[in-house]
Amino acid sequence: MQVTMRSENHVGYVTLSNPPVNAIGQALRQGLLEAVRWAERDRLDRVIVFGAGGVFAAGADAKEFDSPPQVPHLPEVLNAIDESFVPWIAAIEGVALGGGAEIAMACRMRIMAPDARIGLPEVTLGVIPGAGGTARLPRLVGLQKAVEMITMGKPIGAQEARSAGLVHAVEDDPIEAAFMVNSEELGCIVPTWEFHAPAHDPDLFHMARENLKAKMAGQEAPLRALEVIEAGLSLPFHQALTQERQVFLELKTGPQAKALRHIFFAQRAAKAPAHLRGVALEVRHAVVVGGGTMGAGIAYALLAAGLQVTVLEADAAGLQRAEDTIGKLTEASLRRGIIDAAQAADQRRRMTLSTQYSEAASAQLAIEAVFEDMAVKHEILAKLEAVMPADAVLATNTSYLDVNEMAARLMDPTRVIGLHFFAPAHIMKLLEIVQGAQSSDRAISTGYALAKRLGKVPVLAGVCDGFIGNRILARYREAADTVFMDGSTPWDVDEAMVDFGYAMGPYEAQDLSGLDIAHANRQRQAPTRDPNRRYIPIADRMIELGKLGRKTGAGWYRYPGGGGKVEDPIVADLAIEEAHFAGMSRTDYSGPEICRRLLLAMINEAADILDAGIAQSASDIDLVTVFGYGFPRWRGGLMDYADSLGVKAIVAQLEILAREDPVAWKVSPLLRRCAEAGQSLAEARPKL
Ligand code: 3HC
C-alpha cells in the first residue's frame, strides 16, 4: 500500500509511502485517486496529505519513463484533488519536487517545514512538468518566479516559497499546523484551476528565452517549458494542461531526457561495491600535504565537510600562501551565503597549518597534493608513513604518476590509493579513486566513504598514465592538435566543441589550466613514446614562445589587459609553418567534421580504457566525462553518446580514419568485439 488513509474527527490523513523518496509511480497515483473518492464518500472536512519518512515526494517515478504511461495519469489524479469539494492541505517535509510539488499545488493549501524544499526540477531530467506545473505555478507565484523556477529547475527553500506565495505558512510541524487551520479560512480558498492566469508579458519571455539560449545552450526542455508556459496563458486551464502533457510525453522518450536519466541513475549507482561496504576507516582528521591551489581546494572541501584538517607545507612562505588561498575560499562561501560567520569560524578552528609531520600523528587519512615529481612524492609518503597510525590511509592526488610505484617503496603498500580531485577541488563533483595493485579493500572503501562525505561522485579507476579522465583528455588534445596542424585553427576547434555542448573548447580550457602542465607531461612520456605515432609539436612551440595560457596573458588566445579572449594570428601561423616544414598540405575541416574527429578519438581511447579494466563500466566513463571534463550532461556522457550513434557506425568511421593514420586511429578491440556481437558499450565488459 503506497497510500494509506485514516480519519479522525472528520479530518482525513493521507500518507504517501514509497521509500526512500515517495517517487510517484502507478500504485501511488492509484492510491491517491482512491483517497480522493474515500474523502468525498466519507464527506470529510479536510484531508491532510504528507509523505512518510520525512519526505513529501520527489516527483514522478523516473524509472517508469521508459515504458508507456499507465492509468491513472497524474494530471487526472491532481485534477480530482483540485476539483474535490473536500479541501486538501499539503503538509510538506523534506522535498516536494516535480510531481510532488504538483500534488502540493493541486491542494487548496500548502504548509512547509522550515528546512523543506519545493521545486519543479523536471528540466534537469530533460522533460517539463507534466501534471499541471506550468499552469498552476504561474497562477500561484506570478510569471517571473514561475518562469525562473520551471526553466532553471532549481528548488527553493520554505521562506522563499512563502514570500513567493507558493506556500501559505512555514511551520515546524506542518501536519499539526494543517490540523489547526481554521475551517472558514480554508473554505475561502478557491481551487487553483479557478485562479486567473497572469497577464502575458512578451518582454519577460523574450529575456528569458535569450537567457536560456546563453545559459542552457543545446538543451531542449527549458525552451520547450518556456513555450508551454507562454502558450498556456491564453488557454483555458484544462487545455493548458493538455498541451503541457503532450510536450511532456514527447520529451520523455526523446534523446536528451534518456541521456539525462542515464546520468541521474548512474550518479546514484556510483557507490562502493557490496564487498567494500562497512570496512571503511572513519576519517575524522585528515592531512593535506601541499597548500597550492589544488591542495588548498582539497583542504577546503574537507573543512566544509566538517573534518579536522591539517595542511602541511615545506616552509613559512608555503604556509602563508595556503592560509591565504583557503581564507579566500572561506570568504567566497560567506559572500555566496553558503556558510554563515559562525560556520566560517568553526572551519578556521578545525584547521591547522604546519611544517611538522608530527602533526599527522593522529590523522586517519593523508592526501598528498604536491607537484608531479615522483621523488618528492616518495619522500612525502615515507615521512607520512613513519608518523601516522599503522592503519591510516595514504592517498596521492597525482593526475598521471604511477600509484603502484609510489606504494612499492613504502613498508605497507596496501594503505596507498589515489584520490584524484579536479580543480576547483571544493566544487568539482568527480573523485577518481585509484586502486593500486596492492591497495587494500579498507583503503579503497575509505576513499568511497570520503567521497560520500564530500558529496562527490566516486569512480574507481585502475593504474595507467592519466587514469580514466586524463587519459581521455590527452587523446582529445592530441586529436585537436592534429586537426589544428592539418588545417584548422584553435578557435575553429573550440567553436565546434562548444556547438556540441561543451562550455568551452579544449584550447580555451587549456589556457585556463596552463599549457605547462601538459608540456611537463609530454616530456615525462617522451622516452616511452611510440616512435611510429605521429607527434604534433605545436604545443611545444607555444612553450618556447612563453605562451602558457591566461597566467602569462597569452596562450592559444591573447587576453589583452587580463580580459576576454582574442584570436591570435601568430598562433594560427604556427600550424602553417609546421605544415610547411613537414611538406604537408592543409585541409579545411568543417565544424561538424572537427567535432566528429575529436569525439571518435575520445570514444576509441575510452573503449581501450574499459577493455583494460581501468574503468569498471561504460557508465563510469560517462560520469568521469560529465562530472570532471565538461562533457554535456544532456548527451549522457561519452559512452552513452557513443551508444546513441551505434558501435557499428563508430567502427566503420574509425576504419575510414585509420586509412589516414593507422596508428592514431587503430580501432579499439573492444569496439570491434561489441560491433561483431551486436552489443552496446553499456553492456561491454573488459577482456579478462
Ligand atoms: N524517480 C525514481 N527514483 C528516484 C527519484 C525519482 N524521481 N528521485 C530519487 N530516486 C531514487 C534514487 O535513484 C535513489 O535510488 P537508490 O537508493 O536505488 O540509489 C533514491 O531515490 C534516493 O535518491 P538520492 O540518492 O538522490 O537521495 P538524496 O537524498 O541525495 O536526494 C532527492 C533526494 C533530492 C529527491 C533527489 O533524489 C532528486 O533530486 N530526485 C529527483 C527529483 C526530480 O527530478 N523530480 C522530478 C521528476 S519528473 C516529474 O516529476 C514529472 C512530473 O512533472 C509529471
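Every chain is numbered on its own, with residues counted from 1 as its sequence reads. Totals for whole chains, interfaces and linings use all residues, but because this is a predicted model, local features are given only for residues with pLDDT of at least 70 and pairs of side-chain atoms are given and counted only at 80 or more. Based on all heavy atoms of the structure, the side-chain values leave hydrogens and waters out of the count.

Can you break down the nonpolar core residue by residue, with the values?
Among buried residues, those of type Ala, Val, Leu, Ile, Met, Phe, Trp, Tyr and Cys that are joined through side-chain atoms within 4.5 Å constitute a nonpolar core. With a 1.4 Å probe rolled over the protein chains alone, any residue whose accessible area is under 20% of its type maximum counts as buried; one over 50% counts as exposed, and the rest are partly exposed. With 101 residues, the main nonpolar core has Leu-384, Ile-468 and Trp-556 as its most contacted residues. Counting from the N terminus, the helices are DSSP H or I runs at least four residues long and the strands are E runs at least two residues long. The biggest single contributor to this core is helix α25 (residues 591-611), with 12 residues. In contact with Leu-384, other than residues within four places in its own chain, are Val-287, Val-289, Leu-312, Tyr-357, Ala-360, Ala-366 and Leu-394. Among the nonpolar cores identified, the runner-up in size contains 74 residues, and Met-105, Cys-107, Leu-120 and Ile-128 belong to it. The contact rule is simple, with two residues in contact once any of their heavy atoms fall within 4.5 Å.

Describe the site of the ligand, listing the residues and the values that go with them.
For this description, a residue counts as near a given molecule or strand if any of its non-hydrogen atoms is within 4 Å of it. Taken together, 24 residues lie around the ligand, and Ala-60, Gly-99, Glu-102, Glu-122 and Arg-268 are the ones closest in. Within 3.5 Å is the distance limit for a polar contact, defined as a pair of N or O atoms, with the added protein rule that one can donate a hydrogen and the other accept it, and that residues adjacent in sequence qualify only through two side-chain atoms. Glu-102 has a polar side-chain atom sitting 2.7 Å from an oxygen atom of the ligand. For every accessible area listed, the method is Shrake-Rupley and the probe measures 1.4 Å; residues are considered covered only by the protein chains on display. In the complex, 73% of the free accessible area of the ligand, which totals 980 Å², lies under the protein chains. For the shell around the ligand, the elements supplying multiple residues, two or more each, are α3 (99-106) and α12 (255-269). The element contributing the most residues to the shell around the ligand is α12, with 3 residues. Lys, Arg, Asp and Glu make up the charged group, whereas Ala, Val, Leu, Ile, Met, Phe, Trp, Tyr, Cys and Pro make up the nonpolar group; the residues left over, Gly among them, are polar. Of the residues that constitute the shell around the ligand, the class distribution is 14 nonpolar, 4 polar and 6 charged.

Any chance you could break down the UniProt feature "domain: 3-hydroxyacyl-CoA dehydrogenase C-terminal" (unreviewed entry) in the chain for me, citing the residues and the numbers?
UniProt positions are given in the numbering used here, feature names are shortened, and annotations may be inferred rather than shown by experiment. Following the UniProt record, one finds the feature "domain: 3-hydroxyacyl-CoA dehydrogenase C-terminal" (unreviewed entry) at residues 466-559 and 595-679. Helix makes up 59% of residues 466-559 and strand 2%, with an end-to-end C-alpha separation of 29 Å. The annotated region residues 595-679 carries 71% helix and 0% strand content, and the separation between its end C-alpha atoms amounts to 25 Å.

Mind laying out a negative patch on the surface, listing which residues take part and the relevant values?
Together, Asp-115, Glu-171, Asp-172, Asp-173 and Glu-176 make up a region of like negative charge exposed at the surface. Among the secondary structure elements, Glu-171 is positioned in the loop between β9 (169-170) and α7 (174-180). Nonpolar side chains (Val, Leu, Ile, Met, Phe, Trp, Tyr) are joined into patches within 5 Å and like charges within 9 Å, using only residues with over 30% relative accessible area and no salt bridge. Any carboxyl oxygen of Asp or Glu within 4 Å of a side-chain nitrogen of Lys or Arg constitutes a salt bridge here. We score Asp and Glu as negative and Lys and Arg as positive, and we do not count His or the chain ends. Charge placement uses NZ in Lys and CZ in Arg. For Asp and Glu, CG and CD serve respectively.

So what about the sheet that holds strand β6 (residues 109-112)? Which residues, and what values?
Within a sheet, adjacent strands bond to each other through the backbone by hydrogen bonds, running parallel or antiparallel. Spatial ordering of the open sheet is given by β1-β2-β3-β4-β6-β9, a layout of 6 strands whose pairing is mixed. Strands at the two margins of the open sheet, each flanked by one partner only, are β1 (3-8) and β9. Strand pairing follows a simple DSSP-based rule, namely that at least 2 bridges must link the two strands. Bridge count between β6 and β9: 2 bridges; the pairing is parallel. When the bridges of β9 are listed, Ile-111 appears paired with Ala-169. All axes are obtained by fitting lines to C-alpha atoms, using only the stretch in contact for helices, and the reported angles, taken between N-to-C directions, cover 0 to 180 degrees. Strand contacts of helix α1 (residues 26-41): β1, β2 (11-16), β3 (46-51) and β4 (88-92), with the helix running at about 20 degrees to β1, the strand carrying the most contacts.

Can you lay out the pattern of salt bridges for me, pointing to particular residues and giving the numbers?
Scanning the model with the defined rule gives 38 salt bridges in all. Lys-145 is the partner of Glu-160 in a salt bridge, and the nearest nitrogen-oxygen pair spans 2.5 Å. With Glu-160 in helix α6 (residues 158-164) and Lys-145 in helix α5 (residues 143-152), this pair connects stretches of sequence that are 15 residues apart. You can call Glu-160 partly exposed: its relative accessible area is 37%. Between Arg-534 and Asp-486 there is a salt bridge, and its shortest N-O distance comes to 2.7 Å. With Arg-534 in the loop between α22 (515-525) and α23 (538-544) and Asp-486 in helix α19 (residues 469-486), this pair connects stretches of sequence that are 48 residues apart. The partly exposed category is assigned to Arg-534, whose relative accessible area is 29%. Through salt bridges with shared partners, one network takes in Glu-220, Arg-224, Glu-227 and Glu-250.

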